[in-house]
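Secondary and tertiary structure notes
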Amino acid sequence: MTDTDVDVLVLGAGLSGLETALTLEDNGLRVRVLEGRQRVGGRLYTLTDIPGHPEVGGNTVSSAYGRVIAAGKRYGVDLEDVAPRYAAFPDPQELYVGGEHIPLDRWPSHPKNPFEGEFRALPPSAWGRTVLRRRREFTDLAAWHDAAHARYDRSVHDFLRGQGASDRAIALGYETNMPYGTESAHDVSTLQLAFVDHWQSINRGGAGAGERFVGVFRGGNQNLPIAMAKRLRGDLLLGRRVIAVQQGTDGVTVVCSDGSRHRARAVVCSIPFPVLRHVALDPLPPPAQWRAIQTLGAKPITQFHLVPRRPFWESDGLSPAFWTDGLAGSVLANRDGRDPRRVTSLTVWCSARNARFLDRFPRAEAARMVVAEIERLRPAARGALEVAAVHSWEQDPFAGGTWAIFRPGEVAGTAATMASPHGRMSFCGEHTAIAARGMEAAFESAERVSLEVLQQLA
Ligand SMILES: Cc1cc2nc3c(=O)[nH]c(=O)nc-3n(C[C@H](O)[C@H](O)[C@H](O)COP(=O)(O)OP(=O)(O)OC[C@H]3O[C@@H](n4cnc5c(N)ncnc54)[C@H](O)[C@@H]3O)c2cc1C
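About the thresholds
- Residues numbered from 1 in each chain as written.
- Predicted model: local features only at pLDDT ≥ 70, side-chain atom pairs only at ≥ 80, totals over all residues.
- Heavy atoms only, no water.
- Helix = DSSP H or I, 4+ residues; strand = E, 2+ residues; numbered from the N terminus.
- Buried < 20%, exposed > 50% of the residue type's maximum accessible area, 1.4 Å probe, protein only.
- Pairing = 2+ DSSP bridges.
- Arc of directions from axis to C-beta.
- Near = heavy atom within 4 Å.
- Polar contact = N/O pair within 3.5 Å; in protein donor to acceptor, adjacent residues only side chain to side chain.
- Nonpolar A, V, L, I, M, F, W, Y, C, P; charged D, E, K, R; others polar.
- Contact = heavy atoms within 4.5 Å.
- Domains from an automatic or database assignment.
- Salt bridge = Lys/Arg side-chain N within 4 Å of Asp/Glu carboxyl O.
- Phe/Tyr/Trp six-rings, centres within 6.5 Å; stacked < 30°, edge-to-face > 60°.
- Core = buried A, V, L, I, M, F, W, Y, C linked by side-chain atoms within 4.5 Å.

**Let's talk about unusual backbone geometry**
Backbone geometry follows two general trends: most residues other than glycine have a negative phi, and most peptide bonds adopt the trans configuration. In this structure, the amide linkage connecting D282 to the following residue, P283, adopts the cis form with an omega of 0 degrees. Tracing the sequence through the fold places P283 in the loop between β11 (280–282) and α10 (287–295). At H53, a position not held by glycine, the phi torsion is positive, near 55 degrees. Following the sequence through the fold, H53 ends up in the loop between β2 (31–34) and α2 (66–74). H53 sits in the partly exposed class, given a relative accessible area of 34%. With phi around 45 degrees, A352 is a residue other than glycine that occupies positive phi space. With respect to the helices and strands, the residue A352 is situated in helix α12 (residues 352–358).

**Focus: the pairing of strand β8 (residues 242–247)**
Bridge count for β8 against strand β9 (residues 252–256) is five bridges, and the pairing is antiparallel. Its bridge partner lying in β9, A244 is registered against V255. Between β8 and the antiparallel strand that follows it, β9, lie four residues.

**Section: α10**
Of the positions making up α10, those classed as buried are Q289, A292 and I293. The buried residues of α10 all sit within an arc of 100 degrees when viewed along its axis, so they share a single face.

**Remarks on the sheet that holds strand β16 (residues 345–351)**
Here we have seven strands laid out as an open sheet, ordered β5-β4-β14-β15-β16-β13-β17, and mixed in their pairing. The open sheet has two free edges, formed respectively by β5 (100–101) and β17 (385–392), since each of these has just one partner strand. For strand β14 (residues 322–324) and strand β15 (residues 330–334), the ladder comprises two bridges, and the chain directions are antiparallel. Within the sheet, the bridge partner assigned to W323 lies in β15 and is S330.

**Quick word on the site of the ligand**
Within the structure, the ligand sits among 37 residues, and S16, E35, R37, R43 and E430 are positioned closest to it. Between the ligand and G438, the relevant distance is 3.2 Å, taken from an oxygen atom to a main-chain nitrogen or oxygen of the residue. Of all elements in the fold, only α1 (15–26) and α15 (438–457) reach the threshold of two or more residues within the shell around the ligand. Considering each element in turn, the shell around the ligand owes the most residues, three residues, to α15. Classifying every residue of the shell around the ligand gives 16 nonpolar, 15 polar and six charged.

**A look at the side chain of S184**
Here S184 lies in the loop between α6 (167–175) and α7 (190–204). Within polar-contact distance, the side chain of S184 engages the backbone nitrogen of H186 at 3.1 Å. Those residues in contact with S184 that lie beyond four places of it in its chain are E175, M178 and R353.

**A word on helix α8 (residues 223–231)**
What α8 keeps buried is the set L224, P225, A227, M228 and A229. On the buried face of α8, the contacting elements are α1, α2, β6 (215–217), β7 (235–237) and α15.

**Here we look at the domain arrangement of the protein**
Domain boundaries in the protein define domain 1 (6–44 + 220–297 + 406–457), domain 2 (87–113 + 301–392) and domain 3 (124–204). For domain 1 versus domain 3, the separation of C-alpha centres amounts to 29 Å. Every contact between the two is made by 17 residues of domain 1 and, on the other side, 18 residues of domain 3. In this structure, the connection of domain 1 to domain 3 is made through zero salt bridges. Applying the counting criterion to the domain 1 and domain 3 interface returns eight residue pairs in polar contact (both at pLDDT 80 or more). In terms of residues, the side of domain 1 that touches domain 3 owes the most to one element, helix α14 (residues 410–415), which gives five residues. In the side of domain 1 that touches domain 3, the residues fall into ten nonpolar, three polar and four charged.

**Let's talk about the packing of aromatic side chains**
Counted according to the given criterion, the structure contains eleven aromatic pairs. Note on W144 and F406: the rings are 5.5 Å apart at their centroids and 80 degrees apart in plane angle, and the pair reads as edge-to-face. Of the two residues, W144 is situated in the loop between α4 (124–134) and α5 (156–162) and F406 in the loop between β18 (404–405) and α14; the sequence distance between them amounts to 262 residues. Take W144: its relative accessible area is 2%, and that puts it in the buried class.

**Quick word on the nonpolar core**
Counting residues in hydrophobic clusters, the biggest one holds 75 residues, and the most contacted among them are L11, L224, V242, V245 and L276. Each of two domains, domain 1 (6–44 + 220–297 + 406–457) and domain 3 (124–204), supplies a minimum of three residues to this core. Once residues within four sequence positions are removed from consideration, V245 is found in contact with L11, V252, T253, V254, V267, V279, A280, L281, D282 and M425. Ranked by size, the runner-up nonpolar core spans 28 residues in total, among them F159, M178, A352 and I405.

Structural data, given as structure tokens:
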């Protein structure tokens, strides 16, 4: 360690950390980035050794991702529109409930359909968000985090029950393969879900089918952070797991697990809260912020990447993609090679309870269970699937989950303050953004935190 090695230490080399570091450097500050992994990109991670280079993390960007689109141009990484490919090969998801294949045209009148009235026509994967959109109690969507809306900060479960939905309907139509929540509809706030739906609507932008923009960075999304890292002028130190941040009157010291110590005038932390709660902060942040660091949820997803040895879906005459209330969750087909007629791989998305259950087994055994489940549902797949990769985002020591989940009461209580500067320490990252989601949220947070630090050090 030397006395204030740099002006600013940035913790984490994901999108938000890298963009912050580059902005601060452009404004004349000396910056050092400390990254725990042996790679940059964080929750952007492309499997370059699997056909089609499937994504393990962030998949696609859309039309409202202005900052991400601009970053691609700025750092020289081409964004490819894959919407025409999706439109030409839509791979609709077959429906399996209780082990039974149910053709979608039979679903509205099927005895296993637990939905009521107009909602019976919806597949389970669309039910929760459609009920929320059609029966929305709350319209000030851009201000979802405002404490004035505290009365809507209740669980998605309570909201759906209030709309007359049965627990059976909620279990199948929301909690199965749920996009937002950690275990159940009880642990996610309706306010967050309303905002997510609003963000997705902005991204659809009223475009008709085929007009939507679905962007992926050429060669894999991790090429964006890789290109950003190359532009850094200061140090980017990989394999430096931050274990403590100590603030003094004249600077901040960051301690890493390899024993290295780094000093600066200020620190920007992009570490996701489920990981940050295991970092020793001295002094502790104020109580509300500390509580948020301790309790903010993150959605568990465990992915299985399967390469088909033969197109088994041609044997059973169904789509390669399917949705099930069983262990295999939601299975999507990727057509990412040169010839979009070829399915390059299948991604099995196991969420929430499924993910947590599978995470209790060694990876190879969990993969065997998932493949066995697929073969049980679709006998044509027997012997046709090779497991190429498995990744648990909740067990990932540098992520702790896929994206932030605000619990009931947490939005109005903490969303506006949890990213406030704490002395010389400022916070960025997807979880701290309020007007965007996903990769765009990472860039939004980098913009805010860069201004905070520039003001602080001016
Ligand atoms: C499965 C999945 C699918 C997704 N799909 C989409 C999508 O389709 N579209 C979209 O826009 N977004 C998507 N996202 C979200 C998007 O990837 C993230 O919002 C974004 O990449 C987050 O960037 P970040 O900088 O906030 O965090 P991160 O990328 O997590 O960066 C934080 C960095 O901190 C590092 N770190 C953590 N702990 C320590 C420590 N103790 N010491 C040092 N370094 C540490 C991490 O290794 C990481 O590099 C998805 C994410 C996942 C996981």
